[in-house]
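Survey of secondary and tertiary structure
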Amino acid sequence: SQGSFDWEEYLKENDAIPAPQSCFKQSVEPPVNEFKLHQKIEAVDPRNLTSICVATVVGMIGPRIRLRLDGSDNTNDFWRLVDSSDLHPVGYCEKTGKLLQPPLGFCKNPTLWPSFLQKTLTGAERSPENCFKKEPSNPKTNEFKIGMKLEAVDRKNPQLICPATVGAVKGEEVHVTFDGWRGAFDYWTKRDSRDLFPVGWCALSGHPLQPPGQKGTAQVKSKSREPSVSQSAHSPGNQSNASKSSSTSSSGPTSPNLPHDRSVS
Ligand code: MLY
């Protein structure tokens, strides 16, 4: 399905505008991915942000790498941009006087951590310094407006980046709604989240972009079954319930199919 989605056409059809680049904590030129599979790094444990752990690069897509914490199983894998400040070369903790920690849920007896650590690093390839790119600076002002389009990580399927719409803005947070999906994937996040990208970012960075879903895209011109639904009703609140109707033929994805421990950030 990659390449079958055309933003330009889609924006026209939906009479929508993209959120400006200046909204995002992303560099204008996506960073180059110089990591290699199986290399080891030090990374902030996503479930315990004060802790830095050894991690292995187990996958990559465009400028994003998939990480597995050494001593943890594959159910806690997570994705990071190569310019994430959560990533450091092996040796970072030692240099900065921090302790390398076992991951939350370390698979062995904690007393075995020191020997596990030594073993896991011995002979392993380490990502060189040049792989780690400088994190972009924070966007200064909140220019997100309801209805603006963007590309966003699907946090329930974090390998995916999808067309999305700003559903609401509240203080420093934005409500990200996924185009063509019924609300089960939507989330609130800080406006400077690394999971949000300007329209065109995937194309620029060589990352696949999912096409929008098929479920009644209550966008601008909805020949809607819900006549009173206006564009602003697409915004926050009880969207997932409001848009669920047993009489519709669309079978939106339901949470029981979804992993619960995958949310990134
Ligand atoms: N297999 C999943 C994929 C859902 C992806 C939704 N994203 C793109 C918003 C499902 O159909 O439930």
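Details of the structure are given in the entry above.
Now for a look at the structure at hand. (Residues numbered from 1 in each chain as written. Predicted model: local features only at pLDDT ≥ 70, side-chain atom pairs only at ≥ 80, totals over all residues. Heavy atoms only, no water.)

Time to look at the overall build of the protein. Of the regular secondary structure elements, the protein holds five helices and ten strands. On the protein, roughly 13,800 Å² of surface is accessible, and the fraction owed to carbon and sulfur atoms is 52%. (Helix = DSSP H or I, 4+ residues; strand = E, 2+ residues; numbered from the N terminus. Areas by Shrake-Rupley, 256 points an atom, 1.4 Å probe, with all protein chains shown as cover.)

This brings us to a negative patch on the surface. A cluster of like negative charges, contributed by D6, E8, E9 and E13, occupies part of the molecular surface. Mapped onto the elements, D6 comes out in the segment before α1 (7-13). (Patch = residues over 30% accessible without salt bridge, like charges linked within 9 Å, V, L, I, M, F, W, Y side chains within 5 Å. Salt bridge = Lys/Arg side-chain N within 4 Å of Asp/Glu carboxyl O. Lys, Arg positive; Asp, Glu negative; His and termini not counted. Charge placed at Lys NZ, Arg CZ, Asp CG, Glu CD.)

It is worth spelling out the sheet that holds strand β5 (residues 87-88) at this point. Across a sheet, strands are paired by hydrogen bonds formed along the backbone, either parallel or antiparallel in direction. Pairing within the open sheet is antiparallel, and its five strands lie in the order β4-β3-β2-β1-β5. Both outer strands of the open sheet, β4 (78-81) and β5, are each paired with one neighbouring strand and no more. Two elements, strand β3 (residues 64-69) and β4, share four bridges in a ladder whose sense is antiparallel. Considered in β4, the bridge of R66 is made with W79. (Pairing = 2+ DSSP bridges.)

With that out of the way, let us pick up the packing of aromatic side chains. In this structure the tally under the stated criterion is eleven aromatic pairs. Ring centres of F24 and F144 lie 5.2 Å apart, and the angle between their planes is 90°; this geometry places the pair in the edge-to-face category. Here F24 is found in the loop between α1 and β1 (40-45), whereas its partner F144 is found in the loop between α3 (113-121) and β6 (149-153), with 120 residues between them in sequence. No difference in accessibility class separates F24 from F144, as the two residues are buried. Each ring, one from F35 and one from F132, has its centre 5.1 Å from the other, and the planes form 80°; the classification is edge-to-face. With F35 in the loop between α1 and β1 and F132 in the loop between α3 and β6, the pair connects residues that are 97 residues apart, well separated along the chain. (Phe/Tyr/Trp six-rings, centres within 6.5 Å; stacked < 30°, edge-to-face > 60°. Buried < 20%, exposed > 50% of the residue type's maximum accessible area, 1.4 Å probe, protein only.)

Strand order in this open sheet of five strands is β9-β8-β7-β6-β10, and the pairing throughout is antiparallel. Among the strands making up the open sheet, the edge pair consists of β9 (187-190) and β10 (196-197). The sheet contact formed by β6 and β10 spans two bridges and is antiparallel. Note on β10: the bridge partner recorded for E151 is F197.

That's the geometry; what it means functionally is another story.
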